[in-house]
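An overview of the molecular structure
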Amino acid sequence: MSGLTVQDIVKPENLVYKKTDLMTDKTLSYCPGCGHGTAHRLIMEVIEELGKEHETIGVAPVGCSVLAYEFMNVDMQEAAHGRAPAVATAIKRVWPGKVVFTYQGDGDLAAIGTAETIHACNRGEKIVIVFINNGIYGMTGGQMAPTTLPGMKTSTSPYGREVVAMGNPLKITELVAQLPGTYFVTRQAVHTAVAVRKAKKALKKAFQNQIDGKPGLSFVEIVSNCNSGWKMTPVDANIWMEENMFPFYQLGDIKKDGQLIEKK
Amino acid sequence: MGELKLMKGNEALAEAAIRAGADAYFGYPITPQSEVIEYLMSEKPEERTGMVVLQAESEVASINMLYGAGGTGKKVMTSSSSPGISLMQEGLSYIAGAEIPCVVANVVRGGPGLGDIQPAQSDYFQAVKGGGHGDYRLIVLAPSSVQEMSDFVPLSFDLAFKYRTPVMIISDGLIGQMMEKVELFDQMDRLTDEEVIEKYPWATNGKPVGKERRILTSLDLDPHKLEKHNHHLQAKYREIEEKEVLSETLHCDDAEYIMVAYGSSARIAQKTIQLAREEGIKVGLIRPITLWPYPKKEIEKYVQKGIKGFLSVEMSMGQMVEDIRLVVEGRTKVEHFGRVGGVIHSPEEVLEALKQKLIGG
Ligand SMILES: Cc1ncc(C[n+]2csc(CCOP(=O)(O)OP(=O)(O)O)c2C)c(N)n1
Ligand code: SF4
Ligand SMILES: [Mg+2]
């Protein structure tokens, strides 16, 4: 090995990984260690691999990923807070041959946009919804989200989420899985290499369903960290996520090919 | 001559949407305009022209559906009545900011709040002053007949695409519900997908090969860029004010007094003119057809001619009257008369108001 120079290493035949051209070269606006950037990249890799660069329209939310359109190198619309599923519904209805997806946070999708989420799912819109659940409002500075865990401290639940007064965390993914309009519902993560591979497979399946005209909506939740909002280091945030978020938001497929997966 | 039909205003609006080659309608039921979506559903426009019709879960959803589909270059429309239009305000602001063409019809009912389901003109401020947040304008067209409910649909689409801006057709429960003879224009072709792609390079319908992606957003975190965008929007609005004002005058040539009224109130004012002239009172009517841009020059012309006073006749507590006063600037009398809450003024009441507020006073 000792004889290798940099020139040898960068030879094309030695290339093992390349950033997809469907991610722009703009510096991500996300905090270091945040899952948003990884999730963006996986979606773009999937669209590239499926050869749909020129036929995809993405819908960005309001939340930390409001600027998703700066990074995703496909046609994009930036929707009002919570309304991405309505925006995407209409795009798909007038361009049924195109690939349409939304990218939304938990506040966007499960609080202000609950009606749009449920009804797009219930109508079985042939779109993909990617749902980034970090249990908090990242963008606005770490307030309580509908997904915030019981007892979890946020800036609007400074003594911890008190479920009697503030309600229980909403498992909207399990909820939409019950609707006949959803075809594929899964929960993934992107904090480790293994999780990333699984999440990418799930995303690919979701987009493939849409391309194949499968009857219904594909919904991919990604449980993600918000180290800034949780006030932890990125490493601690991932550990905390594994120990606290995953037991409540269990990873894995919930519905496949239009069928709920039986829990053993 | 086009096909003649006896139709409700709401039905004429719906039929005109199909004939104008609209690609989609998204809406949520509310009286007094539910006939629009009912008519569309019964006409099966999907079969007639390929037009998509979808009942949304709310007016919030409908307006955001317009954002989505309109943003892809398709011709899209919604309709609602006052409370529903209030729900759409955030979406309209986004649409104006992102410069997405679309048409929104408001068949106004009595307010505030849930109000009632009778005709009113009390959404004037909301329509012409920009009911949502930020510095933006809607082009606002006010039909005063079932015929215009039909004719203003293709006109609205033309304006919406010419300026990449939302256009509102504002009528009221009276025009929406009444039946009149209408001459329908011939079916226009819907654009093909290829034509849409070719015609509207800004539209997000899939990144063209070898070209930059398109982004539609109303966000700019750089205040200087956002300021620049605002100046761009204002320049567009000035051009619209310069080129797109529409109004009509009736018996203004020899008039000593002028009523200013739009929509249903303009119909009523016509009868008032007749009653007044039988009594020897020389009164005329200016009917703004575009409420924004407002026919300021037309009003100014009659101020210059030395008119003795203007009476704003509107089914509101006095909204449009403010725009007349902005033109007149105290040079002559400007008064308001109108019944509200769904009560429609009679021609006799208007004449009485004219006498008391302008002539006698
Ligand atoms: C109508 C409206 N209400 C509130 C806001 C403020 N706001 C912006 S982002 C956000 C929460 C976003 O949280 P989430 O969807 O979880 O996304 P994250 O930032 O955590 O990824 C809120 C409340 C807004 N922009 N618009
Ligand atoms: S605030 Fe949270 S969600 Fe937002 S970029 Fe930072 S870590 Fe990510
Ligand atoms: Mg969040």
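Summarised in this report is the structure supplied together with it. (Residues numbered from 1 in each chain as written. Chains lettered and ligands numbered in written order. Predicted model: local features only at pLDDT ≥ 70, side-chain atom pairs only at ≥ 80, totals over all residues. Heavy atoms only, no water.)

Some points on the packing of helix 1 (residues 9-19) of chain B against helix 2 (residues 35-43) of chain B
All names here are of chain B. What counts, and what does not: Between the N-to-C directions of two axes lies an angle of 0 to 180 degrees, each axis being a line fitted to C-alpha atoms and, for a helix, fitted only over the stretch in contact. Helix and strand assignments follow DSSP, with helices taken as H or I runs no shorter than four residues and strands as E runs no shorter than two, numbered in order from the N terminus. To sort the angles, those under 35 degrees are grouped as roughly parallel, those over 145 as roughly antiparallel, those from 65 to 115 as roughly perpendicular, and the leftovers as oblique. The handedness criterion is simple: a crossing whose near helix is rotated anticlockwise from the far helix by less than a right angle is left-handed, and one whose near helix is rotated clockwise is right-handed. Here a residue-residue contact requires only that any non-hydrogen atoms of the pair lie within 4.5 Å. Here the nonpolar group is Ala, Val, Leu, Ile, Met, Phe, Trp, Tyr, Cys and Pro; Asp, Glu, Lys and Arg are the charged ones; every other residue, Gly included, is treated as polar.
As a packed pair, helix 1 and helix 2 sit with axes 8 Å apart at the nearest point and diverge in direction by 50°. For the element pair helix 1 / helix 2, the angle class is oblique. In this structure, helix 1 meets helix 2 at a crossing whose hand is right-handed. Here Asn 10, Glu 11, Leu 13, Ala 14, Glu 15 and Ile 18 of helix 1 come into contact with helix 2, specifically with Glu 35, Val 36, Tyr 39, Leu 40 and Glu 43. Here the contact of helix 1 with helix 2 is composed, by residue class, of six nonpolar, one polar and four charged.

What to know about unusual backbone geometry
Residues and elements named next belong to chain B. Of note, the bond from Gly 111 into Pro 112 is cis; its omega dihedral lies within 30 degrees of zero at 0°. Within the secondary structure, Pro 112 is located in the loop between strand 5 (102-108) and helix 7 (124-128). Of note in the backbone geometry, Lys 44 takes a positive phi value of approximately 45° without being a glycine. Phi at Arg 164 takes a positive value of approximately 45°, unusual for a residue other than glycine.

A few points about the packing of helix 1 of chain B against helix 8 (residues 146-163) of chain B
Residue and element names in this part refer to chain B. Running from N to C, helix 1 and helix 8 point in directions that differ by 20°, and their axes come no closer than 8 Å. As summarised for this structure, helix 1 and helix 8 are arranged roughly parallel, according to the angle between their axes. With respect to the hand of their crossing, helix 1 and helix 8 are arranged in right-handed fashion. Residues Gly 9, Asn 10, Ala 12, Leu 13, Ala 16 and Ala 17 of helix 1 form the contact with helix 8, whose participating residues are Val 146, Met 149, Ser 150 and Val 153.

Some details on the side chain of Ser 145 of chain B
Residues and elements named next belong to chain B. Which entries qualify depends on this criterion: Within 3.5 Å is the distance limit for a polar contact, defined as a pair of N or O atoms, with the added protein rule that one can donate a hydrogen and the other accept it, and that residues adjacent in sequence qualify only through two side-chain atoms.
Residue placement: Ser 145 occurs in the loop between strand 6 (139-141) and helix 8. At 3.1 Å, the side chain of Ser 145 forms a polar contact with the backbone nitrogen of Glu 148. If near-sequence neighbours (up to four positions away) are discounted, Ser 145 is found in contact with Ile 175, Met 178, Glu 180 and Arg 267.

Quick word on the coordination of the magnesium ion (ligand 3)
Residue and element names in this part refer to chain A. Convention followed: The rule for donors is simple: N, O or S, within 2.8 Å of the metal, or within 3.2 Å if the metal is Na, K or Ca. Water isn't counted, so a site may look like it is missing partners. Partly exposed residues are those whose accessible area sits between 20% and 50% of the maximum for their type, while under 20% is buried and over 50% is exposed, using a 1.4 Å probe and protein chains only.
Around the magnesium ion (ligand 3), the protein contributes the donor atoms Asp 106 (OD), Asn 134 (OD1) and Ile 136 (O), at 2.0 to 2.1 Å from the metal centre. Donor residues binding the magnesium ion (ligand 3) come from one chain and are separated in sequence as D-x27-N-x1-I. Like Asn 134, the residue Ile 136 is buried in the burial classification.

Topic: the packing of aromatic side chains
Here a ring pair, both rings aromatic, is described through the centre-centre distance and the interplanar angle of the planes. Rules: Planes of paired rings set the category: under 30 degrees apart is stacked, over 60 is edge-to-face and the rest tilted, where pairs are Phe, Tyr or Trp rings (Trp by its six-membered ring) whose centres lie within 6.5 Å. For a ring to carry a charge above it, either NZ of a lysine or CZ of an arginine must fall within 6 Å of the ring centroid while also lying within 35 degrees of the normal to the ring plane.
Under the criterion given, the structure shown has ten aromatic pairs over all chains. Note on Tyr 67 of chain B and Tyr 94 of chain B: the rings are 6.5 Å apart at their centroids and 70° apart in plane angle, and the pair reads as edge-to-face. In this pair, Tyr 67 of chain B is assigned in helix 4 (residues 59-70) and Tyr 94 of chain B in helix 6 (residues 89-98), connecting sequence segments 27 residues apart. Each member of the pair, Tyr 67 of chain B as well as Tyr 94 of chain B, is classed as buried. With centroids separated by 4.8 Å and ring planes inclined at 35°, the aromatic side chains of Phe 161 of chain B and Tyr 200 of chain B adopt a geometry described as tilted. Note that Phe 161 of chain B is positioned in helix 8 and Tyr 200 of chain B in the loop between helix 10 (193-199) and strand 9 (215-216), a separation of 39 residues in sequence. Summarising the burial analysis for this pair, Phe 161 of chain B and Tyr 200 of chain B share the class buried. An aromatic cluster of at least three residues, connected via ring pairs, comprises Phe 161, Tyr 200 and Trp 202 of chain B. Over the ring of Phe 248 of chain A we find Lys 171 of chain A, and its NZ or CZ is 4.3 Å from the ring centre.

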